[in-house]
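Tertiary structure, described
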Amino acid sequence: MSSQRNGDTKPPCLPRNGLVKIPTQPNGLGSASITKGTPAVKNRLCQPSSVPAILSPALANHSDLPIPSLASPLSLAALAGVSSPPSASLVALNSSEASPGKEQPSPERLPGSPSERQLAVDEKILNRLFWYFSACEKCVLAQVCKVWRRVLYQPKFWVGLTPVLHTKELYNVLPSGEKEFVSLQGFAVRGFDGFCLVGVSDLDICEFIDNYPLSKKGVKSMSLKRSTITDAGLEVMLEQMQGVVRLELSGCNDFTEAGLWSSLNARITALSVSDCINVADDAIAAISQLLPNLTELNLQAYHVTDTALAYFTAKQGYTTHTLRLNSCWEITNHGVVNMVHSLPNLSVLSLSGCSKVTDDGVELVAENLRKLRSLDLSWCPRITDMALEYIACDLHKLEELVLDRCVRITDTGLSYLSTMSSLRSLYLRWCCQVQDFGLKHLLSMGSLRLLSLAGCPLLTTTGLSGLVQLQELEELELTNCPGATPELFKYFSQHLPCCMVIE
């Protein structure tokens, strides 16, 4: 879907939007969200759209029309001289679903002469222009006229986006008081192959399967959050939706470990389970036995113990490259021993919030998981500078290291990290013992592209100013740093012009 036709050019700089929230509309689908990006993107500031110089004269000559920007998506409809119908859904409706009396404007109603209007609906131009807008702006632009909607509803403009639908948005209330499931045809036209459903029940999921044209084979990713899905509902969903290979269950407390045993299918390659109270060691046993092709497992479970990490099979030891164990409070160094021997090919590992893991556990990781490219040890209060020495000595391929809230780390630990030539992203949020002297060690790390020092209370303006030596830095986070003054930000804007500094 991401392939482009001849003549289509995708700009090098795309808007970096995290969560796009569409204003609530009367038809029930207007408040659907569209998500894009990774956790690293969530902290980035939205940048203004960079609109290319291919606007038609019909639009360019209207000085009273506002320039498109991420901050005011509704101005984009005004850019074409047409207001968006107030009752039209910005996400789901196609041209045949518009409310009576709210028909989309035709191209003849666009401002300018006939030749200028012709340029405004030139599909070759539009196919290039629309790459420059965020998902929220595209939803608004699709309301301008039928030509723009036809161009924008090509799947290539929506690749990587996931619609988020709350249970109340899945139904329309008829005059008789009965509920009718909404039409999802607009999503199907755009080729969405992943959905996030919030607050749904078994019945809602069955209705979704029956009403979304691509549900049986075309949906690859499903996420259920804060939902009341039971074992039976989970089994029906995975049985009916044969294309699902990525599954997320978050805050779903009505299914049990028995439901996982009866539902999980070998085609699933990525599984995320978080805040589900019935998940414990037996759930890991089901995952290890039923998902031989698992490549990614994200788990937040308070009752999983060290024993569970020995369940993974030899096949998973070869295929699984990503393991995130977030806030698994019962995991100790013994669990780390089981994990490094069961899954020796990991390239991404998170032990965030595994508060019983110590330096010895990190030493096991460093000695046995030499392929690691990303390691998250945030909220591990027992980690000290010694752990950083193990990391620096053995993990030569590491590109990302997260040490947020590791309160025992000092400047000595940063001196060890300064020898890591491959490290590109370093997170030191709320490391309360890091001082200016420690920052001097980082100045030799020419590979660094992202550095977060948010909440480090001992850093001064003088120490932070030395970071201008990191000329390759692309993102610097200084939120809640007492030493980050307005004068410092001005200094950075002059000496680090290519770096996004987050205040």
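Owing to the predicted nature of the structure, the values given are computational and were not obtained by experimental measurement.

1. Some thoughts on the overall build of the protein chain
Within the protein chain, the secondary structure is distributed over 19 helices and 18 strands. The buried share of the protein chain, reckoned over its 503 residues, is 53%. Counting only carbon and sulfur atoms, one obtains 53% of the accessible surface of the protein chain, whose full area is about 21600 Å².

2. A few points about the pattern of salt bridges
Inspection of every chain in the model, using the stated rule, returns eight salt bridges. Residue Glu 330 pairs with Lys 356 through a salt bridge whose shortest N-O separation is 3.5 Å. Of this pair, Glu 330 sits in the loop between β11 (322-325) and α13 (333-342) while Lys 356 sits in the loop between β12 (348-350) and α14 (359-368), and the two are 26 residues apart along the sequence. In this structure, Arg 429 engages Asp 404 in a salt bridge whose closest nitrogen and oxygen atoms are separated by 2.8 Å. Note that Arg 429 is positioned in the loop between β15 (425-427) and α17 (436-442) and Asp 404 in the loop between β14 (400-402) and α16 (411-417), a separation of 25 residues in sequence.

3. Looking at helix α15 (residues 385-394)
An α-helical segment advances 3.6 residues per turn. Residues three or four places apart therefore align on the same side. Across the 10 residues that make up α15, a large majority, seven, are buried. Within α15, burial applies to Asp 385, Ala 387, Leu 388, Tyr 390, Ile 391, Ala 392 and Asp 394.

4. Here we look at unusual backbone geometry
The phi dihedral of Arg 226 is positive, around 45 degrees, even though this residue is not glycine. By the secondary structure assignment, Arg 226 is in the loop between β7 (221-225) and α9 (231-240). Although it is not a glycine, Asn 480 adopts a positive phi angle of roughly 60 degrees. Relative to the elements of secondary structure, Asn 480 occurs in the loop between β17 (475-477) and α19 (486-495). A relative accessible area of 54% places Asn 480 in the exposed class.

5. Some thoughts on the confidence of the model for the protein chain
On average, residues of the protein chain score 83 in pLDDT, and 78% of them are at 70 or above. With pLDDT under 50 throughout, residues 1-102 is counted as low confidence; its partners more than four residues away or in other chains account for 210 contacts.

6. Side note on α13
Buried within α13 are the following residues: Asn 333, Gly 335, Val 336, Met 339, Val 340 and Ser 342. Packed against the buried residues of α13 are α12 (314-319), β11, β12 and α14.

7. Focus on the packing of α13 against α14
Helix-helix packing is described using two parameters, namely the angle between the two axes and the distance between the axes. Axis separation between α13 and α14 bottoms out at 9 Å; the angle between their running directions is 10 degrees. Comparing their axes, α14 and α13 come out roughly parallel. Together, Asn 333, Val 336, Val 337, Met 339 and Val 340 of α13 and Asp 360, Gly 361, Leu 364, Val 365 and Asn 368 of α14 make up the contact between the two elements. Its residues assigned to classes, the contact of α13 with α14 comprises six nonpolar, three polar and one charged.

8. Digging into the packing of aromatic side chains
One pair of aromatic rings is described through two measures. These are the centre distance and the angle between the planes. Per the stated rule, a full pass over the model turns up 12 aromatic pairs. Aromatic side chains Phe 187 and Phe 195 sit 5.6 Å apart centroid to centroid with 70 degrees between the ring planes, which places their arrangement in the edge-to-face category. In terms of burial, Phe 187 and Phe 195 fall into one category: buried. One aromatic cluster is present, built from ring pairs that chain together Trp 158, Phe 187, Phe 192, Phe 195, Phe 208 and Tyr 212. We note Lys 179 situated over the ring of Tyr 171; from NZ or CZ to the ring centre the distance is 5.9 Å. Lying across the ring of Tyr 153, Arg 190 places its NZ or CZ 4.4 Å from the centre.

9. A short note on the environment of Leu 453
Among the structural elements, Leu 453 can be located in the loop between β16 (450-452) and α18 (461-465). Owing to a relative accessible area of 0%, Leu 453 belongs among the buried residues under this scheme. Sequence-wise, Leu 453 and Leu 426 are 27 residues apart; in three dimensions their C-alpha atoms are separated by 8.9 Å. If we skip the residues at most four places from it in the chain, Leu 453 touches Leu 428, Leu 439, Leu 459, Leu 464, Leu 467, Glu 477, Leu 478 and Cys 481.

10. Overview of the side chain of Asp 385
Mapped onto the elements of the fold, Asp 385 is located in helix α15. Look at Asp 385: it is buried, it has no salt bridge, and the nearest opposite charge is Arg 408 at 10 Å. A polar contact of 2.4 Å, which involves the side chain of Asp 385, links it to the side chain of Thr 410. In contact with Asp 385, not counting residues within four places along its chain, are Arg 408, Ile 409, Thr 410, Thr 412, Gly 413 and Tyr 416.

11. Quick word on the pairing of strand β9 (residues 270-274)
With respect to burial, β9 is a largely interior element, five of its five residues being buried. Looking at chain direction, strand β8 (residues 246-250) and β9 are connected through five bridges and run parallel. Opposite Leu 247, over in β9, you have Leu 271 as the bridge partner. Of the crossover connections in this fold, the one passing from β8 over helix α10 (residues 257-263) to the parallel β9 is right-handed. Strand direction decides the pairing type here: β9 and strand β10 (residues 296-300), joined by five bridges, are parallel. Residue pairing in the sheet places Val 273 in a bridge with Leu 299 of β10. In the classification by handedness, the crossover that spans β9, the intervening helix α11 (residues 281-290) and the parallel β10 is right-handed.

12. Some thoughts on the nonpolar core
Counting residues in each nonpolar core, the largest one holds 134 residues, and the members touching the most others are Leu 453 and Leu 478. A total of five residues in this core trace back to one element, the largest contributor, which is α15. When residues are assigned to domains, this core turns out to be shared by domain 1 (117-157) and domain 2 (161-279), each giving three or more. Discounting chain neighbours no more than four positions away, the residues touching Leu 478 are Leu 453, Ala 454, Leu 464, Ala 484, Leu 488, Phe 489, Phe 492, Val 501, Ile 502 and Glu 503.

13. Quick word on the packing of helix α8 (residues 202-211) against α9
In contact at an axis separation of 9 Å, α8 and α9 are set at 15 degrees when each is read in the N-to-C sense. Judged by the inter-axis angle, α8 sits roughly parallel to α9. For the crossing formed where α8 meets α9, the hand is left-handed. In this structure, α8 contributes Asp 202, Ile 205, Cys 206 and Ile 209 to the contact, and α9 contributes Gly 233, Val 236, Met 237 and Gln 240. Grouping the constituent residues of the contact of α8 with α9 by class yields five nonpolar, two polar and one charged.

Conventions we followed
Residues numbered from 1 in each chain as written. Predicted model: local features only at pLDDT ≥ 70, side-chain atom pairs only at ≥ 80, totals over all residues. Heavy atoms only, no water. Helix = DSSP H or I, 4+ residues; strand = E, 2+ residues; numbered from the N terminus. Buried < 20%, exposed > 50% of the residue type's maximum accessible area, 1.4 Å probe, protein only. Areas by Shrake-Rupley, 256 points an atom, 1.4 Å probe, with all protein chains shown as cover. Salt bridge = Lys/Arg side-chain N within 4 Å of Asp/Glu carboxyl O. pLDDT = per-residue confidence, 0-100. Contact = heavy atoms within 4.5 Å. Axes fitted to C-alpha atoms, helices over the stretch in contact; angles between N-to-C directions. Parallel < 35°, antiparallel > 145°, perpendicular 65-115°, else oblique. Nonpolar A, V, L, I, M, F, W, Y, C, P; charged D, E, K, R; others polar. Phe/Tyr/Trp six-rings, centres within 6.5 Å; stacked < 30°, edge-to-face > 60°. Lys NZ or Arg CZ within 6 Å of the ring centre and 35° of its normal. Lys, Arg positive; Asp, Glu negative; His and termini not counted. Polar contact = N/O pair within 3.5 Å; in protein donor to acceptor, adjacent residues only side chain to side chain. Pairing = 2+ DSSP bridges. Right-handed = clockwise from strand over helix to strand, strands pointing away. Core = buried A, V, L, I, M, F, W, Y, C linked by side-chain atoms within 4.5 Å. Domains from an automatic or database assignment. Left-handed = near helix turned anticlockwise from the far one by under 90°.

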